[in-house]
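In case you want the letters, here they are:
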Amino acid sequence: MVMLLRCILLAAALFLAPAAQAQVKAVASFSILGDIVKNVGGDRVAVMTLVGPDGDAHVFQPTPGDAKALAGAQIVFLNGLGFEGWMERLTQSAGYKGPVVVASQGVQAQKMAADDDHKGHAHGHSHAKKDRKDAHDHGALDPHAWQDPRNVARYVDNIAAGLAKADPAGEAQYRANADAYKKQLAELDSWAKGELAQVPKQKRKVITSHDAFGYFASAYGVAFLAPVGISTDAEPSAKQVAGLIRQIRKEKTTALFVENITNPKLIEQIGKETGVKPGGRLYSDALSKPGAGGDTYLAMLRHNVAVLKAAMIGS
Ligand SMILES: [Zn+2]
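These numbers were taken from a predicted model, which means no experiment stands behind them. (Residues numbered from 1 in each chain as written. Predicted model: local features only at pLDDT ≥ 70, side-chain atom pairs only at ≥ 80, totals over all residues. Heavy atoms only, no water.)

Student: Help me get a handle on the overall build of the chain, residues and values and all.
Tutor: Looking only at helices and strands, one finds 11 helices and eight strands in the chain. When burial is assessed residue by residue, the chain has 49% of its 315 residues classed as buried. Across the chain, every contact between residues at least 6 apart in sequence was considered, and the portion connecting residues at least 24 apart equals 68%. Carbon and sulfur atoms form 57% of the exposed surface of the chain, whose accessible area is close to 15,500 Å². (Helix = DSSP H or I, 4+ residues; strand = E, 2+ residues; numbered from the N terminus. Buried < 20%, exposed > 50% of the residue type's maximum accessible area, 1.4 Å probe, protein only. Contact = heavy atoms within 4.5 Å. Areas by Shrake-Rupley, 256 points an atom, 1.4 Å probe, with all protein chains shown as cover.)

Structure representation (structure tokens):
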């Protein structure tokens, strides 16, 4: 009888063991990536995000608390493509020596938009920088690859592979989560294509404050003009803003947007001078705060497509 009871207790302990197992401690560099890691990791992974909702990863300044979080991590996820310039110093100061997964690995990276206006802006920015040698705008890669959900499918594979390496017992789970999420990405992509195809080609022109939508532009055939370059760490010159205003008038572009990470003042000023009303807010480099309509990657892309479509059709 005692033997049997022992056996039952032992079996119960074994059965309960997986539930009590500690979660993998993961750190993701910014909110959008954090959400994608959560979708792949499910309940096996606890995700901490460094640059939070509505935060700007281009100009992020890590705190000692961030270094502490990193020091306790078992795996770290980055976007890559030069997005997190502050990360190397942070990993060093945190003494983090664990695996670092570059989520964009294998993505077909784009350079800055090829039209002359964008190039002009980029040149202006890099020369305006304090350190001219740090001319990362010249032919630099556009880091905002997540704006095309087909790229995010690649992120998902990289994340699943990284998690499986760090936590081999969870491999099947990560694979299943990744496949389910990739299915949602593919559905979102074909929905977005259908929505934006309803906008006449000559109306597919948008102005945003910083140049974060190059991948979106390629995926969905929408042209974006931006007074601020690919990074947000430089102010556009008065000349660049004047040039953009001229272009808006000439091309009669009427879809004008602010982003959740940038100061809306510049776009509001352009709106005033051109008589164009800002069409809303786009999520470029960060999720919204919880409940604000862009609090997951899927929600933010759906939001962006909907407001873009409405503004362009009404233009
Ligand atoms: Zn950006």
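Student: Describe in detail the coordination of the zinc ion, supporting the description with residues and values.
Tutor: Taken together, His 58 (NE2), His 144 (NE2), His 210 (NE2) and Asp 285 (OD) make up the full set of protein donors to the zinc ion, lying 1.9 to 2.1 Å away. For the zinc ion, the four donor atoms in the first shell make angles of 94 to 126° at the metal, a pattern classed as tetrahedral. Look at where the donors of the zinc ion fall in the sequence and you get H-x85-H-x65-H-x74-D. Of this pair, His 58 sits in the loop between strand E2 (45-51) and helix H3 (64-71) while His 144 sits in the loop between helix H5 (116-128) and helix H6 (149-166), and the two are 86 residues apart along the sequence. (Donors = N, O, S within 2.8 Å, 3.2 Å for Na, K, Ca; no water. Tetrahedral: all angles 85-135°; square planar, octahedral: opposite > 155°, others 65-115°.)

Student: Quick one: what's the story with the side chain of Thr 208, residue by residue and with numbers?
Tutor: For Thr 208, the location among the structural elements is in the loop between strand E5 (205-207) and helix H8 (214-220). A polar side-chain atom of Thr 208 sits 3.4 Å from the main-chain carbonyl oxygen of His 210. Ignoring sequence-local partners within four residues, the contact set of Thr 208 consists of Phe 213, Phe 224, Leu 225, Ala 226, Pro 227, Phe 257, Glu 259, Ile 267 and Leu 282. (Polar contact = N/O pair within 3.5 Å; in protein donor to acceptor, adjacent residues only side chain to side chain.)

Student: Give a description of the packing of helix H2 (residues 31-41) against helix H7 (residues 171-197) that names residues and reports values.
Tutor: Any two packed helices are characterised by the angle at which their axes cross and by the distance between the axes. In contact at an axis separation of 7 Å, H2 and H7 are set at 125° when each is read in the N-to-C sense. Here H2 lies oblique to H7, going by the angle between them. Of H7, the residues touching H2 (which contributes Asp 35, Ile 36, Asn 39, Val 40 and Gly 41) are Tyr 174, Asn 177, Ala 178 and Tyr 181. Tallied by class, residues from the contact of H2 with H7 come to five nonpolar, three polar and one charged. (Axes fitted to C-alpha atoms, helices over the stretch in contact; angles between N-to-C directions. Parallel < 35°, antiparallel > 145°, perpendicular 65-115°, else oblique. Nonpolar A, V, L, I, M, F, W, Y, C, P; charged D, E, K, R; others polar.)

Student: Please provide a residue-by-residue account of the environment of Gly 229, values included.
Tutor: With respect to the helices, strands and loops of the structure, Gly 229 is situated in the loop between strand E6 (223-225) and helix H9 (238-251). Residue classification places Gly 229 among the buried residues on the basis of a relative accessible area of 3%. Separated by 117 residues in the primary sequence, Gly 229 and Met 112 place their C-alpha atoms 9.0 Å from one another.

Student: Pulling in residues and values, what's your account of the nonpolar core?
Tutor: In this structure, Phe 77, Phe 216 and Tyr 297 are the most contacted members of the largest nonpolar core, which totals 74 residues. Here this core gets nine residues from one element, more than from any other, and that element is helix H11 (residues 297-313). (Core = buried A, V, L, I, M, F, W, Y, C linked by side-chain atoms within 4.5 Å.)

Student: Can you explain the environment of Asp 56? Please cite residues and give values.
Tutor: Following the sequence through the fold, Asp 56 ends up in the loop between E2 and H3. Judged by its relative accessible area of 14%, Asp 56 is buried. Residues Asp 56 and Ser 284, 228 residues apart in the sequence, show an inter-C-alpha distance of 9.6 Å.

Student: Pulling in residues and values, what's your account of the sheet that holds strand E8 (residues 278-282)?
Tutor: Ordered by their spatial adjacency, four strands build an open sheet running E6-E5-E7-E8, and the pairing between neighbours is parallel. At either end of the open sheet lies a strand with only one pairing partner, and these are E6 and E8. Averaged over all pairs of adjacent strands, the angle between strand axes in this sheet comes to 35°, irrespective of strand direction. Across three bridges, the pairing between E5 and E6 is parallel. (Pairing = 2+ DSSP bridges.)

Student: An account of the confidence of the model for the chain is needed here, citing residue identities and associated values.
Tutor: The predicted model of the chain has a mean per-residue pLDDT of 85, with 84% of residues at 70 or higher. Throughout residues 114-138 the model reports pLDDT below 50, and contacts reaching past four residues in sequence, or to other chains, amount to 37 contacts. (pLDDT = per-residue confidence, 0-100.)

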